[in-house]
Amino acid sequence: MRVILQRVSRASVSVNGEVVGEIGAGLLLLVGFGQGDSEDLLKPLAEKIVSMRVFSNDEGRFDRSLLDAGGEVLAVSQFTLYADTSKGRRPEFFQALKPAEAEALFQKFLAALRTAGATRVASGTFGAHMLVESVNDGPVTISLER
């Protein structure tokens, strides 16, 4: 499981010109699942994400978590996190989990984020062509892998 975490002041995702998910200040999560990933990865990673201190305190230091800051989460499924670019110029995605299995894990990951304390969790539409807009705050971008 791979997650790209970005601290944002706002973010949204649209499908066919319609906004399907949007947040104010919080975290944009680009989420991909690979071969061998299972449900037991979801809870620990969700808890780590909502507790990760990536929000600034009054002195500008990373000292507050999503839970402390009251931020929101926008999670977007992204199988391209498993691109293999070692051969040629066209990425291959053989290491990405099959769509049906990945979608089930993605839905359970959204639930794990809520259970871990995220007050608002929005998402894109699994498998759709999505347009993601974000205003990175910092910028702060962190790569997580399980």
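The structure under discussion appears in the preceding block.
Residues numbered from 1 in each chain as written. Predicted model: local features only at pLDDT ≥ 70, side-chain atom pairs only at ≥ 80, totals over all residues. Heavy atoms only, no water.

Asker: Got a sec to walk through the environment of Met1? Specific residues and values, please.
Answerer: Take Met1: it is sitting in the segment before β1 (2–15). Distance in space between the C-alpha atoms of Met1 and Ser38 is 8.7 Å, their sequence separation being 37 residues. Setting aside chain neighbours within four positions, we find Met1 in contact with Val31, Gly32, Phe33, Asp37, Leu41, Leu42, Leu45, Tyr82, Phe109, Leu144, Glu145 and Arg146. (Helix = DSSP H or I, 4+ residues; strand = E, 2+ residues; numbered from the N terminus. Contact = heavy atoms within 4.5 Å.)

Asker: Before we move on, can you summarise helix α3 (residues 99–115) with the specific residues and values?
Answerer: Taking 1.5 Å per residue as the helical rise, α3 with its 17 residues ought to reach 24 Å, and the 24 Å between its terminal C-alpha atoms agrees with that figure. Along α3, the residues classified as buried are Ala102, Leu105, Phe106, Phe109, Leu110, Ala112 and Leu113. Relative to the axis of α3, the buried residues are bounded by an arc of 160° and lie together on one face. Relative to its buried face, α3 has exposed residues pointing more than 90 degrees away, namely Ala100 and Thr115. (Expected span 1.5 Å × (residues − 1). Buried < 20%, exposed > 50% of the residue type's maximum accessible area, 1.4 Å probe, protein only. Arc of directions from axis to C-beta.)

Asker: Tell me about the nonpolar core, and name the residues and values.
Answerer: Formed by 32 residues in total, the largest nonpolar core has its most connected members in Met1, Leu29, Val31, Phe33, Ile49, Phe109 and Leu113. The set of elements that each furnish at least two residues to this core consists of β1, β3 (26–32), α1 (42–51), β6 (72–77), α3 and β8 (131–145). In this structure, Phe109 is in contact with Met1, Leu29, Val31, Phe33, Leu42, Ala46 and Ile49, ignoring residues within four places of it in sequence. Membership of the second largest hydrophobic core comes to 11 residues, among which are Val8, Ala11, Val15 and Leu30. (Core = buried A, V, L, I, M, F, W, Y, C linked by side-chain atoms within 4.5 Å.)

Asker: Quick rundown of the side chain of Ser14? Include the residues and the values.
Answerer: With respect to the helices, strands and loops of the structure, Ser14 is situated in strand β1. Overall, the relative accessible area of 11% leaves Ser14 in the buried class. Excluding anything up to four places from it in sequence, Ser14 contacts Val19, Val20, His129, Met130 and Leu131.

Asker: Explain the pairing of β3 to me, and be specific about the residues and the numbers.
Answerer: Side-chain positions along a regular strand alternate between the two faces of the sheet. The element β3 is largely enclosed, with a buried count of seven among its seven residues. Bridge analysis of β1 against β3 gives seven bridges, and the strand direction is antiparallel. Residue pairing across strands places Gln6 opposite Leu28, the latter belonging to β3. When β3 meets β6, the two strands line up parallel, connected through six bridges. Following the sheet pairing, Gly26 is matched in β6 by Glu72. (Pairing = 2+ DSSP bridges.)

Asker: Please give an account of the packing of aromatic side chains that cites residues and values.
Answerer: For the coordinates displayed, the defined rule picks out two aromatic pairs. Summarising the aromatic geometry, the rings of Phe106 and Phe126 are spaced 6.2 Å apart at their centres and angled 45° between planes, so their arrangement reads as tilted. Linking Phe106 in helix α3 with Phe126 in the loop between β7 (121–123) and β8, this pair joins segments that are 20 residues apart in sequence. Classification of Phe126 by relative accessible area gives partly exposed; the value is 22%. Of note, Arg2 hangs over the ring of Tyr82, and the distance from its end group to the ring centre comes to 4.1 Å. (Phe/Tyr/Trp six-rings, centres within 6.5 Å; stacked < 30°, edge-to-face > 60°. Lys NZ or Arg CZ within 6 Å of the ring centre and 35° of its normal.)

So far we have only geometry, and geometry alone does not tell us how the molecule works.
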